[in-house]
Amino acid sequence: MDTNDSFYMAVSGDEAYLEHVGKEMKAFLDQEGFGEIPVMLDEWSNNIWQRDLCNDTCYKSAYLFKNVMENHDRFYGMGYFNVSDRLDEIAPAAETFHGGFGLFTQNGFPKSAYRAMQLLNRAGDKLLVEGEGYFITSSQREIQIFLHNYCHYDMLYRYRNTTNLTKTERYRVFNEKQLVSFHISLEGIGAGKHTIRRYGIGPGGGSTYDAWIAMGAPEPMTEEEKQELYRQSYPVYRSDTVKTEETLKIKAFLQPHEVQLITVSMC
């Protein structure tokens, strides 16, 4: 806050905002002699707008992947705000997908952000390597590869210009990004058969909002539509078994706003 009665309403154009703020905070604590005190991030989200229609899209799953991966060792804990759209600080909305803060809609549908958190919970206890868009961990007899293709708000939308945003078209307010390819080589993995499991969340699957759009954006929904929407909330899944020598090569292609978890385990 700049003064007691005003603060900026624009979202930062810095895609690594959380990382940079965390570093500034650590430097300040070190300077004041409190550098050993753990820092907890609470009521965390990407903006303060409780009617940001992008909150329902799979943009949020890529946002969570990116920021958890980049700040995993910077904070003692990261508390997302909040669990359900039922907790609104303004008048309740009638629509299922109204842009609430929650990981679940007010009538209980898991958003892509919740499914992303479930995938992040699969991270192993040992970090192997990290870099732009990727984060690889391991646990006993399994390797976990986390990937994302994050897209930030464009300048117009960061300043709340909603010209390119509608109830059923919510992806035209982001910076343009292209498909991203990852080519991963796991050396010394051992000869034998390995099972590669892929879990994907993106506009093409794993997002209840996008599934709702694909079924014609019905409102209100019948019981059949609700059951189908819940079924489609799960990440897209594929399993393959491959035979390797000492090196396993994996390729992945991610559309804008898409995240993937790829696990590798011995058969």
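Attention in this report is confined to the structure presented alongside it.

**Remarks on the environment of Gln 260**
Following the sequence through the fold, Gln 260 ends up in strand E10 (residues 259–266). Placed 251 residues apart in sequence, Gln 260 and Met 9 show a C-alpha to C-alpha distance of 32 Å. Within polar-contact distance, the side chain of Gln 260 engages the side chain of Glu 258 at 3.3 Å.

**Here we look at the packing of helix H2 (residues 59–70) against helix H3 (residues 112–120)**
Two elements in contact, H2 and H3, have axes separated by 7 Å at closest approach and are oriented at 35°. When the axes of H2 and H3 are compared, the crossing they make is right-handed. For the pair formed by H2 and H3, the contact residues are Lys 60, Ser 61, Leu 64, Phe 65 and Val 68 on the first element and Ser 112, Ala 113, Ala 116, Met 117, Leu 119 and Leu 120 on the second. Considering only residue class, the contact of H2 with H3 consists of 8 nonpolar, 2 polar and 1 charged.

**Concerning the sheet that holds E10**
The 6 strands are arranged E3-E4-E5-E10-E7-E8 in an open sheet whose pairing can be described as antiparallel. The open sheet terminates on both sides in strands that have one partner only, identified here as strand E3 (126–131) and strand E8 (236–244). Sheet twist, expressed as the mean angle between neighbouring strand axes with direction ignored, is 15°. Relative to strand E5 (residues 142–148), strand E4 (residues 134–139) runs antiparallel, the two being bridged by 6 bridges. The residue bridging Ser 139 from the neighbouring strand is Glu 142, located in E5. Sitting on the sheet, H2 touches E3, E4, E5, strand E7 (192–201) and E10, and the angle it makes with E5 is about 120°. Packing against the sheet, H3 makes contact with E5, E7 and E10, and its axis sits at approximately 155° to E7.

What counts as what
Residues numbered from 1 in each chain as written. Predicted model: local features only at pLDDT ≥ 70, side-chain atom pairs only at ≥ 80, totals over all residues. Heavy atoms only, no water. Helix = DSSP H or I, 4+ residues; strand = E, 2+ residues; numbered from the N terminus. Polar contact = N/O pair within 3.5 Å; in protein donor to acceptor, adjacent residues only side chain to side chain. Axes fitted to C-alpha atoms, helices over the stretch in contact; angles between N-to-C directions. Left-handed = near helix turned anticlockwise from the far one by under 90°. Contact = heavy atoms within 4.5 Å. Nonpolar A, V, L, I, M, F, W, Y, C, P; charged D, E, K, R; others polar. Pairing = 2+ DSSP bridges.

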